[in-house]
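If you want the building blocks of each chain, they are given just below.
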Amino acid sequence: MKRLAFAFACVVLMWTCALAAQTAPKDLDLGSTAGLIELKAYLKPFAAPAGNKDPGTWFSFAAANYGTRPAIRVLQAGEAPSSGLTIIPRAQRPTILQVATTTPGVLIEKSNAYGRKGFRLTIPASGKAEIAVRMVGVDGSPSLLAWTEPELAAHNKNIAIFVAAVAGLIAAAAAIAGGVGVMTHHWAPRWAALALIALLLARLAALRVFDGSIVTSVGGPYGLTALFGGLALAAGVRFVDLIEPMSEMWPAVARWLNKVILGFLIVSGLAYIGFPGMTLLTDLAILIVPPALFAYLVLRQRTGSRTSQVLQPAVGLFAMASLTSAFAALGGFGSASIVPDLAGGFAAAGAIMLALAVTAGEGITVIPWRHHAPPAPRPAAPAPVKVVVKEVVKEVVKEPEVPHAALEAIDASRQGVFELDLVNDFAVLSAEAGALIGVGEGRLSHYRWIERIHPDDRAVYEQAVGEFRKQSGLAFRIEFRVLDEEGRYPWLELRATMKGPDGEAAERCVGLLADVTTRKEAEVEMMDRSLRDPLTGLGNRVSLIEELEGLGERLRDVVFAVLDVDRFKAIHASLGDAGGDEVLLKIAQRLDQRYSGFGQIFRTGGDGFAVLLPNPTDKPEAIGAGLVQLCSAAHGFEGRNVFAPVSVGVALGREARNSIDLMKNAELALNQAKRDGGDCSRIFTLDMEANAPADPVVLEADLHQAIDRGEIEVFYQPIIRLADRTVAGFEALLRWRHPQKGLVEPADFIAHSEETGIIVALGRLALDRAASDLAEWQRYFPLPEPLFVSVNLSRRQLRDADLLQRLADVLRNGGLAPGSFKLEMTESTIATDADARALAGQIRQLGAGLAIDDFGTGMSSLSQFADLPFDTVKIDKSFLNGTPQSNGGVVLASIVSLAHELNRAVIVEGVESEEDAARVAELGCEFAQGFLFSEAVGAREAMTFIAKSFRE
């Protein structure tokens, strides 16, 4: 026994010595390798200088640096675990206001880079210093942390990642729950979403996100955290009570539960304004209520509740979060500022589990709003009985007895019970079903019910009831319209089952009625939108195809005409979108007025229309000529007369095997009319098939594949400097190297790509490829005047929202000489499109050159020419035709002179002979291109061409 007592005394002595060794601080060496040093044990109260009235409390500590290098530490106020557990909540968290020293050589500076209110302390090697610190929001001996910069940076990074993950998970869970609530119109998911939003705000407040803002100016940061926590608690209790009503186990709860929830809100509100003791009460409620709710759900699950079992993981995790917070507040984790936010982790996990529970259903998303007083049970209804009085039979009919929960579910789903007595031939509508048509609860004869059904839908209803009543147990679903008390016909959906003895005819039909008017109207609107042209209101191409296919044998009797507006691109360019649409609308109105009653009009797309005459009285030639004449008259637009002649193709149904053939024949006739100059009509003949163009659908598919397979290549036609016949640059031109057809010229696919929009992808390819090739040439051939490349921009590309960004990337990444990468825009585009002119200025600002192409063929005025931001003018080859004394030569000389006056360079296109070259050189043109010098060549051949003409 003595030995045992001696051993026990030794253990106590050793423990006491170890404790004393821990509590007795050693000399403070800030030059040590420790990433974090807690200075609380080294702090001593420090008397402020006399007369100093600055807020806060002063503390001091002695520090040393025993290392051979300066010691750099970042000082931050630590937050004691129990900082929020005060009767009167603090107005702010522990904060350093000032750090001072009288020791020479010691450097103190503010360092907000690592967080709010931090100070950077530097002590020279082998130095010592006495440091004074002024702090607010502290009692007694405060926590003061001294970090190395790398350690603090790593800590802040880890915390930021963790906080972002927690906040993101809780926000996502709230969005999911809220979305389910909106879609299902039920309150349970909405309360869950509200609880999660309040929880998210509480976590953010605890992590100092709102510190220093106006929301913490009333009751401080701890009051704000308590407010959000109380809101989350109140919403969570309401959510759980909606899912598993406490009144079902304890009826007396219903009388005081609302008061308890209101008490949560009042206490948390008082905590927010700084009322003494309310923050502690709120924290106590947050500690107690989640575990209590978890215990309640466990109890309900033992009584057979599936919903409670689904909710238990989420509520259990929230209980763990509250217990973890309490453990941390009592100092279980040490300094709260340097431990991971474990409570936040549990809360995030609970939020995700709650969102999964809500989306899983299990009674959560199908629970309607319940009043917290138990609803009065509906009286049990006896089965129908017959009372015989003086040989007169009277029936007393009641609604069939339905479990209360089922009735509530039906009510929440906005449906009503429909019962049809097939024996006595009357229908019974529940209050909800009667409300759908405004008649209220009751019964009416089956005959009267059928009278209310829309005449077009009665056959469907009667056929369904007649067929399915033959066998009990059969279920069916039908939709029909029923007259309501306001004279409208809402769409109703009936899902019903035939009831009766097994294997015999049904005696009753019981089901649910639902209003599906909104869905049916949306379906009709969508169908109408898919068959109607939004501009003109005419049937579109889909509608035309359906109409032709529905003709069947009558197709042989029809005359079918298609028409396109000639020069519509020019009209659109001149009048803009609004003017072009106005012209198309007036053409549609003329056609509709002319053929109303005996023909159908369709807009087939763009500037195309179609006329279908099922029983024509005129000859095809007269029909075509009449269409041309009808559209030849001028249209008025903003005081101007606009002429929009059309080309017409006419085909006969008897010459077509099917509707596809008929449309193809009319298109071939239309193409012939266009080839004949337009403003005319042509009737289909068999010899037109020989001149049929390529299938545009096939061409479009081939073009997409060509881009993906790399079959589109960029060729370059040299631009020659006339003074010394050396190469100055190139014009980039697209070629299609088709695997079967070989090299395809631009004329065979550029126009189609412009119509379909593929030109945008082709243009991007040309920009990237040309910039890459030019960069290579400029590296290999560093000429005093750098080589340039011009790339054409189509009108469709100008509407590409990514054009400027793509061009900026090309110029930035290519390392090209300024102004050597040029874009070409046609004169007609720049003259008629104000947006194009503005875009040209933006292109110049990016550092690209600009050339105006085909100058002299458009409609620009001299004033426009002077204002346009172009550095190069490209003159169309048509001005080289004829002799120097012809008008073309005079115009050419004038354009060259004007361009030089405005400091623009001139390139003449289409130079095909030495005579042409001599003429343009004599006029002072700097550059020329054409077959005289070279046709367009590939990138490798262009490199060889440069090498041959390169001069040192």
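Note that the structure is predicted; figures quoted are calculated from it, not measured. (Residues numbered from 1 in each chain as written. Predicted model: local features only at pLDDT ≥ 70, side-chain atom pairs only at ≥ 80, totals over all residues. Heavy atoms only, no water.)

Engineer: How should the overall build of the protein be read in this particular structure?
Structural biologist: Scanning the protein for helices and strands turns up 27 helices and 33 strands. The proportion of buried residues among the 952 residues of the protein is 45%. By element, 57% of the accessible surface of the protein is carried by carbon and sulfur atoms, the whole surface being about 48600 Å². (Helix = DSSP H or I, 4+ residues; strand = E, 2+ residues; numbered from the N terminus. Buried < 20%, exposed > 50% of the residue type's maximum accessible area, 1.4 Å probe, protein only. Areas by Shrake-Rupley, 256 points an atom, 1.4 Å probe, with all protein chains shown as cover.)

Engineer: What should I look at first to understand the packing of aromatic side chains in this one?
Structural biologist: Working definition: an aromatic ring pair is given by the centre-to-centre distance plus the angle between the planes. Considering all chains together, one arrives at 11 aromatic pairs under this definition. Where tyrosine 716 meets tryptophan 777, the ring centres are 4.9 Å apart and the plane angle is 75°; that geometry is what we call edge-to-face. In this pair, tyrosine 716 sits in strand 25 (residues 712–721) while tryptophan 777 sits in helix 20 (residues 758–780), placing the two residues 61 residues apart along the sequence. Across the pair, exposure class does not vary: tyrosine 716 and tryptophan 777 are buried alike. Sitting over the face of the ring of tyrosine 595, arginine 594 holds its NZ or CZ atom 4.9 Å from the ring centroid. Note that lysine 822 overlies the ring of phenylalanine 788, its terminal NZ or CZ placed 5.5 Å from the centroid. (Phe/Tyr/Trp six-rings, centres within 6.5 Å; stacked < 30°, edge-to-face > 60°. Lys NZ or Arg CZ within 6 Å of the ring centre and 35° of its normal.)

Engineer: What's the story with unusual backbone geometry in this structure? I'm lost.
Structural biologist: Phi at aspartate 425 takes a positive value of approximately 60°, unusual for a residue other than glycine. Examined against the element boundaries, aspartate 425 turns out to sit in the loop between strand 12 (415–421) and strand 13 (426–429). Positive phi values are uncommon outside glycine, yet glutamate 638 reaches one of about 50°. Relative to the elements of secondary structure, glutamate 638 occurs in the loop between strand 21 (635–637) and strand 22 (640–642). By relative accessible area, which is 69% here, glutamate 638 ends up exposed.

Engineer: Before we go on, may I ask you to explain helix 4 (residues 220–243) in this structure?
Structural biologist: Since the α-helix advances by 3.6 residues per turn, residues separated by three or four positions end up pointing in the same direction. The end-to-end C-alpha distance of helix 4 is 35 Å, a good match for the 34 Å that 24 residues give at a rise of 1.5 Å each. With 22 of 24 residues buried, helix 4 is to be regarded as a mostly interior element. (Expected span 1.5 Å × (residues − 1).)

Engineer: Sorry if this is basic, but what is going on with the sheet that holds strand 8 (residues 128–136) here?
Structural biologist: Taken in spatial order, the four strands of this open sheet run 2-3-8-5, and their pairing is antiparallel. Two strands bound the open sheet, and with one partner strand each, they are strand 2 (44–45) and strand 5 (95–101). Sheet topology note: the strand 2/strand 3 (residues 57–64) ladder contains two bridges and is antiparallel. Residue lysine 44 lies in a different strand from strand 3, and its bridge partner there is serine 60. (Pairing = 2+ DSSP bridges.)

Engineer: Please explain a nonpolar patch on the surface as it appears in this structure.
Structural biologist: A cluster of nonpolar side chains, contributed by Leu231, Leu262, Leu265 and Ile266, occupies part of the molecular surface with about 330 Å² of accessible area. A total of three residues in the nonpolar patch trace back to one element, the largest contributor, which is helix 5 (residues 253–272). With respect to the helices and strands, leucine 265 occurs in helix 5. (Patch = residues over 30% accessible without salt bridge, like charges linked within 9 Å, V, L, I, M, F, W, Y side chains within 5 Å. Salt bridge = Lys/Arg side-chain N within 4 Å of Asp/Glu carboxyl O.)

Engineer: Even after reading the chapter, I still don't get the packing of helix 14 (residues 541–549) against helix 17 (residues 659–675), so can you show me in this structure?
Structural biologist: The relative placement of two packed helices comes down to the angle between their axes together with the axis-to-axis distance. Where helix 14 meets helix 17, the closest approach of the two axes is 9 Å, and the angle between their N-to-C directions is 125°. On the basis of the axis angle, helix 14 is oblique to helix 17. Residue-level contacts link Arg541, Leu544, Ile545, Leu548 and Glu549 of helix 14 to Ser659, Leu662, Met663 and Glu667 of helix 17. Of the residues contributing to the contact of helix 14 with helix 17, the split by class is five nonpolar, one polar and three charged. (Axes fitted to C-alpha atoms, helices over the stretch in contact; angles between N-to-C directions. Parallel < 35°, antiparallel > 145°, perpendicular 65-115°, else oblique. Contact = heavy atoms within 4.5 Å. Nonpolar A, V, L, I, M, F, W, Y, C, P; charged D, E, K, R; others polar.)

Engineer: What should I look at first to understand the side chain of arginine 452 in this one?
Structural biologist: Within the secondary structure, arginine 452 sits in helix 11 (residues 446–452). Given the relative accessible area of 18%, arginine 452 is considered buried. One polar contact links the side chain of arginine 452 to the main-chain carbonyl oxygen of leucine 483, over a distance of 2.7 Å. Beyond its immediate stretch of four places on either side in the chain, arginine 452 contacts Ile437, Val439, Arg481, Val482, Leu483, Asp484, Glu485 and Tyr489. (Polar contact = N/O pair within 3.5 Å; in protein donor to acceptor, adjacent residues only side chain to side chain.)

Engineer: Just to check I follow, could you spell out the confidence of the model for the protein for this structure?
Structural biologist: Detail in the predicted coordinates should be disregarded across regions flagged by low pLDDT. Per-chain confidence: the protein averages 79 in pLDDT, with 82% of residues scoring 70 or above. Predicted confidence in the protein is weakest over strand 10 (residues 385–389), with a mean pLDDT of 33, and strongest over strand 28 (residues 788–792), with 94. Under a pLDDT of 50 for its full length, residues 11–24 has, in the predicted model, zero contacts with residues more than four places off or in other chains. Between residues 336–340, whose pLDDT stays under 50, and residues either more than four places distant or in other chains, the model counts 11 contacts. (pLDDT = per-residue confidence, 0-100.)

Engineer: What is the right way to look at the side chain of glutamate 419 in this model?
Structural biologist: Tracing the backbone shows glutamate 419 in strand 12. Here glutamate 419 falls in the buried class, since its relative accessible area comes to 12%. Separated by 2.9 Å, the side chains of glutamate 419 and arginine 508 make a polar contact.

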